[in-house]
Every structure is written in C-alpha cells, then in structure tokens.
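Each chain is listed here by its residues.
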Amino acid sequence: MKGPLALAAGAAPFALLVACAAGTLPGKGPGAVSALTEFPTAAARPRELLYVAGGSARTRHPYIEVFNAQDTSPTPAPLYTIAPTGDGAYGSFAVDAAGNLYAMNYYQNGATLLVFPSGKTKAAVTCLLDTMPSNVYLANNTLYVSTYVYTIEEYSLPIHAGRICPKPARVLTDSRAKLRGGGLFALAVDPKDNVFDVWSRRPGSGYAIDVFARGSKNPRQYVELPRTSGYAMLSDGVGNLITNVGHAGRSTNAIAVFPSGSRDPNVFDVIAQGL
C-alpha cells in the first residue's frame, strides 16, 4: 500500500498526522460498523473526533475507525466506521476547523481525495488527483499535499465536487530533495506561512527538513535528522515544529519538538516500536 497510515484529531487548531501500523479492536473486523453510523445533529456529535486507519497491519483495504477524541477509557470503542472505497486503501488524513475529514485513498497508480463532512460516512467530494500524494496538511484554508515527485501542491478550500480534482493554486518543488533524495514525506505549515517538508537522503545518509519561507519557491535546509525520521510533522499555534526522530535503535523513535525558529529539538516519549 502506498502512503502512510495515519490518524487525525478534528476540530482543533491543527490536525495531528502520525504514520503508524494500523490497529484493530476486539470484535471490530474490517468493514464492521457500530449501531451509530453518523450523528443526526451537530449537537449530538462529540466536540472532537479521532480518525484512525482500522484493520490489521496486513489489511490491504483498511477502513476508517472514528472515535470520540476525548474518550479516556482504557479500551475505547469506535463510534462508527467508514468503509473502504473500491480497490483503494485509505492513507493520509487531515481535518479542518469545521471537522471535515480529508482522506487520501491510494491505488496502484494514483490516488483520490475524499472529503467527509464531520460525523458523516458518505463523502461529499471524491476527486482524482494528478499526482501520487505522500502526505497532507491543512492550514490557512488551504490543503497542502506532498507528493512522491518532490512537490508540494496547494489547493484552495473549499474543493468543489467533480471527477477530477481542481488544479492546485500553487506548486512548490523541493529541488534539494529531488537532486539528492530518496523520497518526500511529511509536511507542515507554521503560523508565519513557512512551509516545511521532510525528505530522506540516499540510503544510509539520514533525513532532512527543508523550509520554503513565506512566499518563496526556493527551498533551504532547516535541519538534518538522525536515522529513521519525519514520517509525521505538524506546527502548533506558536510555531513549534513537531516530528518524530530516530532514537537509540533502528526501530525506536521519539517525539521531537523544535521550538519556534530553533534547530535544536527537545525529545520526549520514546516509542519502542517505532512510528
């Protein structure tokens, strides 16, 4: 399956995207739907919803499990699920301020973008993208899409229904990554409209974060990253940059927080099974 599996918390200042192995809950097999499939009114909907790619790690066509993001019970159950579409596989997710879910559905040679209104199981928009996305991010009423051809496409919202997605309003090309890299992964946009991306150098050479300063189409290196890193990234409301970095062992990751403008991260919460 192309593209990382992801989870996203909605109705928040930013959407958290994390590359992870898909998990499942007891009694919830692929395609399972709880009795509640969507909410009749906005008042009945939890304030924040959490979207997770469901199914085992070997599931070829994972569904989306939808949780109450404020449920702190030890074994929360999904409120409902969103079934797979055709032969594709859901991957990267993003959520806007209104709680609308933007989900990438990957195929062998392409991908579609689906937009689900908050609390709904049926997409209001399904359109075919012109490139294969590697990750998505929402900021400034814009959907940012990183691709496997070292570009970042910017789509103005709302995206109107149609078989083919509209052309991006702007396209950035990370020429540094294209010249030296082995893939473009996560991206983030800070409150100053600087656009960051993570890319892998050639095998064994590590990872790096590049930045496009506001309004610029020229990338510059922001910081180098150790080992396996950068499959997820976001910027918070004060401009701190948050991503994952390799830690201690090849399969061990940790959360890294770069304070706004700093190249020196604070590292928290080692994740033994990677990220």
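An account of the accompanying structure is given in this report.

What counts, and where the lines are drawn
- Residues numbered from 1 in each chain as written.
- Predicted model: local features only at pLDDT ≥ 70, side-chain atom pairs only at ≥ 80, totals over all residues.
- Heavy atoms only, no water.
- Helix = DSSP H or I, 4+ residues; strand = E, 2+ residues; numbered from the N terminus.
- Buried < 20%, exposed > 50% of the residue type's maximum accessible area, 1.4 Å probe, protein only.
- Polar contact = N/O pair within 3.5 Å; in protein donor to acceptor, adjacent residues only side chain to side chain.
- Contact = heavy atoms within 4.5 Å.
- Pairing = 2+ DSSP bridges.
- Axes fitted to C-alpha atoms, helices over the stretch in contact; angles between N-to-C directions.
- Disulfide = S-S within 2.5 Å.
- Core = buried A, V, L, I, M, F, W, Y, C linked by side-chain atoms within 4.5 Å.
- Salt bridge = Lys/Arg side-chain N within 4 Å of Asp/Glu carboxyl O.
- Phe/Tyr/Trp six-rings, centres within 6.5 Å; stacked < 30°, edge-to-face > 60°.

This part is about the side chain of E154. Mapping E154 onto the fold places it in strand 11 (residues 151-156). Judged by relative accessible area, which is 9%, E154 ranks as buried. Side chain to side chain, E154 and R170 meet in a polar contact 2.9 Å long. Here E154 is in contact with T142, L143, Y144, P168, A169, R170, L172 and V195, once residues within four sequence places are set aside.

The next point concerns the sheet that holds strand 12 (residues 170-173). Taken together, four strands build an open sheet; the order of strands is 9-10-11-12 and the sheet is antiparallel. Each end of this open sheet is capped by a strand with a single partner; those strands are strand 9 (133-139) and strand 12. Adjacent strand axes in the sheet meet at a mean angle of 20° when their direction is disregarded. Pairing geometry for strand 9 and strand 10 (residues 142-147), over six bridges, is antiparallel. Note that in strand 10 the partner of L138 across the bridge is L143.

Let us look at the state of the cysteines. The final tally for this structure, using the stated rule, is one disulfide. One disulfide in the model links C127 with C165; its S-S distance is 2.0 Å. Between C127 and C165, the S-S torsion sits near 85°, and that sign places the bridge as right-handed. Here C127, found in strand 8 (residues 125-128), pairs with C165, found in the loop between strand 11 and strand 12; they are 38 residues apart in sequence, far enough to count as distant. A residue is classified by how much of its surface remains accessible, and C165, at 10% relative accessible area, is buried.

In this section: the nonpolar core. Ranked by size, the top nonpolar core spans 31 residues in total, and within it Y137, Y144, I152, I209, L225, M233 and L241 carry the most contacts. Sorting the residues of this core by element identifies strand 9, strand 13 (181-189), strand 14 (195-201), strand 15 (207-212), strand 16 (220-225), strand 17 (233-235), strand 18 (241-247) and strand 19 (249-258) as the ones contributing at least two each. If you tally residues by element for this core, the top one is strand 13, at six residues. Setting aside chain neighbours within four positions, we find I209 in contact with F196, D197, V198, Q221, Y222, V223, L225, M233, L241, T243 and F258. V125, L129, V136 and C165 belong to the second-largest nonpolar core, a separate cluster that totals 19 residues.

Note on pairing: side chains with opposite charge can pair once their charged atoms come close. This structure, assessed with the given rule, holds four salt bridges. Two residues, D210 and R176, come together in a salt bridge whose shortest N-O distance is 3.1 Å. Taken together, the residues D210 in strand 15 and R176 in helix 1 (residues 175-180) connect sequence positions 34 residues apart. Classification of D210 by relative accessible area gives buried; the value is 0%. In this structure R176 comes out as buried when scored by relative accessible area, which is 17%. The shortest N-O distance in the salt bridge between R214 and D193 comes to 3.6 Å. One end of the pair, R214, is in the loop between strand 15 and strand 16; the other, D193, is in the loop between strand 13 and strand 14, and 21 residues separate them in sequence.

This next bit is on the packing of aromatic side chains. Counted according to the given criterion, the structure contains three aromatic pairs. Geometrically, the ring pair formed by F185 and Y207 is tilted, given 6.3 Å between the ring centres and 35° between the ring planes. Separated by 22 residues along the polypeptide, F185 in strand 13 and Y207 in strand 15 bring together distant segments of the chain. Each member of the pair, F185 as well as Y207, carries the same accessibility label: buried. Centroid distance Y222 to F258: 6.5 Å. Interplanar angle 70°. Geometry classified as edge-to-face.

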